[in-house]
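Chain and residue survey
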Amino acid sequence: MAEESDLEKTESPSARRLEQAREEGQVPQSRELSTFLVMMCGVAGLWVMGQFLSERLFGLMRQGMSIPREAAFDPTAMAATFRELSIDGLLTISPLMVLLMLAAVAGPLSLGGWVVSSKALGPDLTRMNPLKGLERMFSTHGLAEMVKALLKASLVGGIGTWVIWHDQDHLMALMTQPLGASMPDFAATVLFAALLIVSSLALLALIDVPFQLWQYHKRLRMTKEEVRQEAKETEGDPQVKARIRQTQREMARRRMMSKVPEADVVVTNPTHFAVALKYDAARMGAPVVIAKGRNAVALKIRELAAEHKVPLLEAPPLARALYAHCELEHTVPATLYTAVAEVMAWVYQLNHWIANGGLPPEAPADLPVPADLDPGAAEE
């Protein structure tokens, strides 16, 4: 049962799966939304520009019919006239054509955004397979498309039939009127029918858009095994990641060890902890921890300090507190200033004794380390 559940596509598509689908040209699409936007913009354009278009096109038609007799028998003159009238006609309807083109592009962009995919343009021989075609025809998607086509035809046909039936007397009366008076009235009737059809298409788009989004995400669902495999590919193999982390820690440790010879003093536990401090009054407001470690790392810090003649101070409470509460390349906390100040004063006296001789300074003892900062205070 566990194997069967792993093979079922029950998981939502990941961001990577969605991005891969976009790269292949697979985005949610709604024909009903595109149809509605084109029809709506077309009707709106005719509503706004209808009078201008009719007057302008009627004028061009009258101009084309009113030509001198000698020009009708001159092919050159007729070609020039045809070319001029064609250009004027295209310029006249160009605003409406541009509006319809923008509407046709706005539909896909509103759902799937702008997608340029070379994979979608490539040949797909599986589309020529008749079995695949039959499978698509009788699939859920094919059934839904058939229902939408029937619903669209019923709505458009029903609205057209209702308009004709409702205005039949009025339409018959238009036949008895002069052409100039009847055409605006007939255009208003057609425009009213177009508005009703656009409203019905809006209803179809409101139903189709959520359905297309749901179907798109359902088609891209993943099995649990695919989710695990993708996470493994994205985040990397756990063993490789562990090896990378180990390498990073080793590199950081080597960088830290290279700074031990620059330390002014190394405070020890004496065996379990070691913390190297450096202080430059001209550049630092307080001593900085440049290296720290425990057990084997602490032993290595002590060995490097001894090799480069860096003073070692055995102060277990301070070493534990510095190790627990100080980060590398950070200054010591204010609560440890007094204890660290005594250590740095001892280092100064030690360096003075080495340079000038005399009596060696006494190592500081009983440094003022707050008990709440010393992890080993409770054990002691």
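These remarks concern the structure in this document.

About the cut-offs
- Residues numbered from 1 in each chain as written.
- Predicted model: local features only at pLDDT ≥ 70, side-chain atom pairs only at ≥ 80, totals over all residues.
- Heavy atoms only, no water.
- Helix = DSSP H or I, 4+ residues; strand = E, 2+ residues; numbered from the N terminus.
- Buried < 20%, exposed > 50% of the residue type's maximum accessible area, 1.4 Å probe, protein only.
- Contact = heavy atoms within 4.5 Å.
- Areas by Shrake-Rupley, 256 points an atom, 1.4 Å probe, with all protein chains shown as cover.
- Pairing = 2+ DSSP bridges.
- Axes fitted to C-alpha atoms, helices over the stretch in contact; angles between N-to-C directions.
- Parallel < 35°, antiparallel > 145°, perpendicular 65-115°, else oblique.
- Nonpolar A, V, L, I, M, F, W, Y, C, P; charged D, E, K, R; others polar.
- Patch = residues over 30% accessible without salt bridge, like charges linked within 9 Å, V, L, I, M, F, W, Y side chains within 5 Å.
- Salt bridge = Lys/Arg side-chain N within 4 Å of Asp/Glu carboxyl O.

**So, the overall build of the protein**
Scanning the protein for helices and strands turns up 15 helices and 6 strands. Residues classed as buried in the protein amount to 30% of the 380 residues present. Residue pairs in contact within the protein that sit at least 24 positions apart in sequence constitute 75% of those at least 6 positions apart. Accessible surface for the protein amounts to roughly 25,200 Å². Of this, 63% is attributable to carbon and sulfur atoms.

**Comments concerning the pairing of strand S5 (residues 288–294)**
Counting buried residues along S5, 6 of its 7 residues qualify, which places the element largely inside the surrounding structure. By the bridge criterion, 6 bridges tie strand S4 (residues 273–278) to S5 in an arrangement that is antiparallel. Paired with valine 275 across the bridge in S5 is lysine 292.

**Overview of the packing of helix H3 (residues 31–65) against helix H5 (residues 75–112)**
Where H3 meets H5, the closest approach of the two axes is 10 Å, and the angle between their N-to-C directions is 175 degrees. When the axis of H3 is compared with that of H5, the two are roughly antiparallel. Its residues assigned to classes, the contact of H3 with H5 comprises 21 nonpolar, 9 polar and 3 charged.

**Notes on a nonpolar patch on the surface**
Together, Leu143, Met146, Val147 and Leu150 line one region of the surface with nonpolar side chains, adding up to about 390 Å² of accessible area. Looking at the secondary structure, you find leucine 143 in helix H8 (residues 140–166).

**Focus: the pattern of salt bridges**
This model, assessed by the stated rule, comprises 2 salt bridges. Lysine 259 is paired through a salt bridge with glutamate 329; the nearest N and O atoms lie 2.7 Å apart. Taken together, the residues lysine 259 in the loop between helix H12 (238–258) and strand S3 (265–268) and glutamate 329 in the loop between helix H14 (316–325) and helix H15 (337–356) connect sequence positions 70 residues apart. On the accessibility criterion, glutamate 329 (44% relative accessible area) is partly exposed. Ionic pairing is found between aspartate 280 and arginine 283, a salt bridge with its closest N-O pair at 3.1 Å. The class of aspartate 280 is partly exposed, set by a relative accessible area of 25%. Of the residues examined, arginine 283 reaches a relative accessible area of 61% and is grouped as exposed.

Function-wise, these values are silent; they only describe arrangement.
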